[in-house]
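Examining the three-dimensional arrangement
These are the residues of each chain, in order.
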Amino acid sequence: ERVTTAIALSGWNNLTDMLYGNESPNTRAGYELYHSAQHLGHISDELGHLLDDLKNHRNIPRLQEWQNARSPVGQVDTINSRNVPIFMSNNYMDNFFRPQYMLDSFFEKITSPKMLLLNQGPHAFPEGIGIFVHDNYIWTRALKWLDHWMLNVTNGIMSEPRIQMQLGNSIADTTYVPYESAVKSTLTLNLGSRNGGQYGTLSQSAATAGVESPVYFSEAVEFKQAEYGDEALMATGLPYLARLEQPTNTSVVYVTDALAANYTVCGTPTVDVQLTASHDRWQFFTFLYDVSPDDAVEGSLWTHGFYTYYPDGPEAGPVAQRQADGSFTVKGAQMHSICKTLQAGHKLALAIVLYDGQFHPANGDASLNIKIHYGSSSSLNLPLVG
C-alpha cells in the first residue's frame, strides 16, 4: 500500500526470459551481471552455482524457481490488486532485458494504469543519455508520469498512447509510433532454397518444397550480435555492417528481391522453421539485415533472435514439434522487437547460423548440423503498421 507509482527504466520483467528465453542459456549477460554484483554488492555462493547450472543445463527448474521469485512477473497479481500505475522504458538492442518479453508478455498482464516506451539503443543507453539532454522524450514523460500520480497534476500524460515505439535508427529520431492503435498486419516471407548458389530466396511467393544442404556448427561465423560499444554507436545512427557472402557450410542467408514499396516494421519479428538436426541437442541463431540498393555485399543489422532445443526441456518458448519424418517445426521464434522503415528499393537478408557468443550452445560439436526444409513451413514474419 506504500507504493503510489513506479518508474522502471531498462528493467526486467522475468529473469527466466532474460537468462533462459527460448531455452537459450544467456551466459554472457548472466556473468556480466554477476561480476557487476561482485563489485557493487555482497552476493552469496548460490548465485555462482546457479549460473554454472545454467551454462551446463542442470537443475533448470530450480533455477527458474529462483528467478521467478525475483521477477516482477511474479508480482503481477499484487500490482493489479493494488492498481499501482507503472511507467516502463525498454530498448530494442537490450541483450539483458529484451524488449519482446516486455512488449509481448508482461505489459498485457498489467491491468493497472501503464505506459511503455520502446527506444533505439542498448541497455540503459537512451535513458542514461537522456539525463543530459534537455527535453528528452523518455525523461519528459517519466517526470510527467510522476507529477500526475504523485502531485495530481493534469498534464496530458494519461491521454498519450500506452505503447509508444521509437521509429528510426537513432536515439535522436523524434517519431514514436502509437503501437496499440496502429493498424497492424503481417508480411510473411517464405524461405526458399539456395539451389547450389550463395543465397536462398525470401519471398511472399510459396517456396518449392525441399530440404537445404546442411549448415554446420562453427564458432568462426561472422554473423553475430553487436557488442555494447557497437550498439551504442548504432544508437547514434551508424550501421553495424556484416558481409553477407559467408561460407555456405556454416551459414545460410536468404535475400529478398528489391522491395517495390515502403514498409513500417514495428513489433516483434518471428521465424517459423522446419529443420532436421543431426543431434538430439541443437540451436540456431537468426540475424535480420537491411541491404541498401548500392550495396549488394553488406547488410546493416536490424535485429536478431535465438532458439535452443534440449530434449529434456523444460520449454521456455515455442515448443519444437517433432514430425513423423524426424524433423522439427518451430513456430514463432522471436527476434528482438524493432520499429524501422524498410524503404522501397532496399532488400532484406535473413542469416541463420548455429553459434552466437552471447549464449552457451546446447551442442558445440563440429559435426552438429541442421537442414532447413522449404515449402510452407519456413518463413520470416514481419509485423507491419500503417
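Structure: see above.
Since this is a predicted model, take the numbers as computed values, not measurements. (Residues numbered from 1 in each chain as written. Predicted model: local features only at pLDDT ≥ 70, side-chain atom pairs only at ≥ 80, totals over all residues. Heavy atoms only, no water.)

Secondary structure assignment for the chain yields 9 helices and 21 strands. Over its C-alpha atoms the chain spans a radius of gyration of 21 Å, differing by no more than 12% from the 21 Å that the globule rule assigns to 386 residues. Considered along the principal axes of its C-alpha atoms, the chain spans approximately 65 × 50 × 35 Å. For the chain, the proportion of its 386 residues judged to be buried stands at 54%. Working note: accessible area of the chain is about 16,700 Å², and carbon and sulfur atoms make up 51% of it. One way to put it: in the chain the 23 positive side-chain charges average out to a point 3 Å from where the 38 negative ones average out. (Helix = DSSP H or I, 4+ residues; strand = E, 2+ residues; numbered from the N terminus. Rg over C-alpha atoms; globule rule 2.2 N^0.38 Å. Buried < 20%, exposed > 50% of the residue type's maximum accessible area, 1.4 Å probe, protein only. Areas by Shrake-Rupley, 256 points an atom, 1.4 Å probe, with all protein chains shown as cover. Lys, Arg positive; Asp, Glu negative; His and termini not counted. Charge placed at Lys NZ, Arg CZ, Asp CG, Glu CD.)

This part is about the state of the cysteines. According to the stated counting rule, one finds 1 disulfide in the structure shown. Here Cys266 pairs with Cys339 through a disulfide, and the sulfurs are 1.8 Å apart. Here the S-S torsion is close to 40°, and the disulfide linking Cys266 with Cys339 is therefore right-handed. With Cys266 in strand S12 (residues 263-267) and Cys339 in strand S18 (residues 338-342), this residue pair connects regions lying 73 residues apart in the sequence. An identical accessibility class is assigned to Cys266 and Cys339; each is buried. (Disulfide = S-S within 2.5 Å.)

The next subject is the packing of helix H3 (residues 45-56) against helix H4 (residues 60-69). Between H3 and H4, the least distance of the axes is 9 Å, while the angle of their chain directions is 130°. With respect to H4, the axis of H3 lies oblique. Relative to H4, H3 is oriented so that their crossing is left-handed. Between H3 and H4, the residues in contact are Glu46, Leu47, Leu50, Asp53 and Leu54 and Ile60, Arg62, Leu63 and Trp66, respectively. The residue makeup of the contact of H3 with H4, split by class, is 6 nonpolar, no polar and 3 charged. (Axes fitted to C-alpha atoms, helices over the stretch in contact; angles between N-to-C directions. Parallel < 35°, antiparallel > 145°, perpendicular 65-115°, else oblique. Left-handed = near helix turned anticlockwise from the far one by under 90°. Contact = heavy atoms within 4.5 Å. Nonpolar A, V, L, I, M, F, W, Y, C, P; charged D, E, K, R; others polar.)

Right, let's get into the packing of aromatic side chains. Aromatic rings considered in pairs are described by the distance between their centres and by the relative angle of their planes. The tally for this structure, following the rule as stated, stands at 17 aromatic pairs. When the ring of Trp282 is compared with that of Phe284, the centres are 6.4 Å apart and the planes differ by 10°; the resulting orientation is stacked. We note that Trp282, like Phe284, is buried. Seen in terms of ring centroids, Phe306 and Phe359 are 4.8 Å apart; in terms of plane orientation they differ by 35°. Their pairing is tilted. Taken together, the residues span a long stretch of sequence, with Phe306 in strand S15 (residues 298-309) and Phe359 in the loop between strand S19 (347-353) and strand S20 (369-374) at a distance of 53 residues. (Phe/Tyr/Trp six-rings, centres within 6.5 Å; stacked < 30°, edge-to-face > 60°.)

What follows deals with the sheet that holds strand S5 (residues 176-178). By way of backbone hydrogen bonds, the strands of a sheet pair with one another, either parallel or antiparallel. Taken together, 5 strands build an open sheet; the order of strands is S1-S2-S3-S4-S5 and the sheet is mixed. Where the open sheet ends on each side, the last strands, each with one partner, are strand S1 (6-9) and S5. Here the strands of the sheet are splayed against their neighbours by 15° on average, with no regard to which way each runs. Bridge analysis of strand S2 (residues 86-91) against strand S3 (residues 114-119) gives 6 bridges, and the strand direction is parallel. Within S3, the residue paired with Asn90 across the bridge is Leu118. (Pairing = 2+ DSSP bridges.)

Turning our eyes to something else, we now look at the packing of helix H2 (residues 27-40) against H3. Where H2 meets H3, the closest approach of the two axes is 10 Å, and the angle between their N-to-C directions is 170°. Compared by their axis directions, H2 and H3 come out roughly antiparallel. In this structure, H2 contributes Thr27, Gly30, Tyr31 and Tyr34 to the contact, and H3 contributes Leu47, Gly48, Leu51, Asp52, Leu54 and Lys55. Tallied by class, residues from the contact of H2 with H3 come to 5 nonpolar, 3 polar and 2 charged.

Turning our attention to the side chain of Asn119. Summarising the element assignment, Asn119 is placed in strand S3. Given the relative accessible area of 0%, Asn119 is considered buried. For Asn119, the side chain forms a polar contact with the side chain of Ser89, separated by 2.8 Å. Apart from residues lying up to four places away in sequence, Asn119 is in contact with Ser89, Asn90, Asn91, Tyr92, Pro126, Glu127, Ile138, Gln166 and Tyr176. (Polar contact = N/O pair within 3.5 Å; in protein donor to acceptor, adjacent residues only side chain to side chain.)

As a further point, take a nonpolar patch on the surface. A contiguous nonpolar surface patch, about 500 Å² in accessible area, is contributed by Ile7, Leu143, Leu146, Met150, Leu151 and Val153. Along the polypeptide, Met150 turns up in helix H8 (residues 137-151). (Patch = residues over 30% accessible without salt bridge, like charges linked within 9 Å, V, L, I, M, F, W, Y side chains within 5 Å. Salt bridge = Lys/Arg side-chain N within 4 Å of Asp/Glu carboxyl O.)

Here we take up helix H6 (residues 99-106). Counting buried positions over the 8 residues of H6 gives 7, a clear majority of the element. Every buried residue of H6 is accounted for by Pro99, Gln100, Tyr101, Met102, Leu103, Ser105 and Phe106.

In this structure, Ser10 is a non-glycine residue whose phi angle is positive, near 55°. Position of Ser10 among the secondary structure elements: in the loop between S1 and helix H1 (15-20). Phi at Asn83 is positive, roughly 55°, even though this residue is not glycine. Along the chain, Asn83 falls in the loop between helix H5 (76-82) and S2.

Next up on the list: the nonpolar core. In this structure, Phe223, Tyr254, Trp282, Phe284, Tyr289 and Leu380 are the most contacted members of the largest nonpolar core, which totals 64 residues. With 7 residues, strand S14 (residues 282-291) is the largest single contributor of residues to this core. If sequence neighbours within four positions are ignored, Trp282 has contacts with Leu275, Ala277, Tyr307, Thr308, Tyr309, Ala320, Phe328, Val330, Ala362 and Leu368. Ile79, Leu118, Leu167 and Val177 belong to the second-largest nonpolar core, a separate cluster that totals 22 residues. (Core = buried A, V, L, I, M, F, W, Y, C linked by side-chain atoms within 4.5 Å.)

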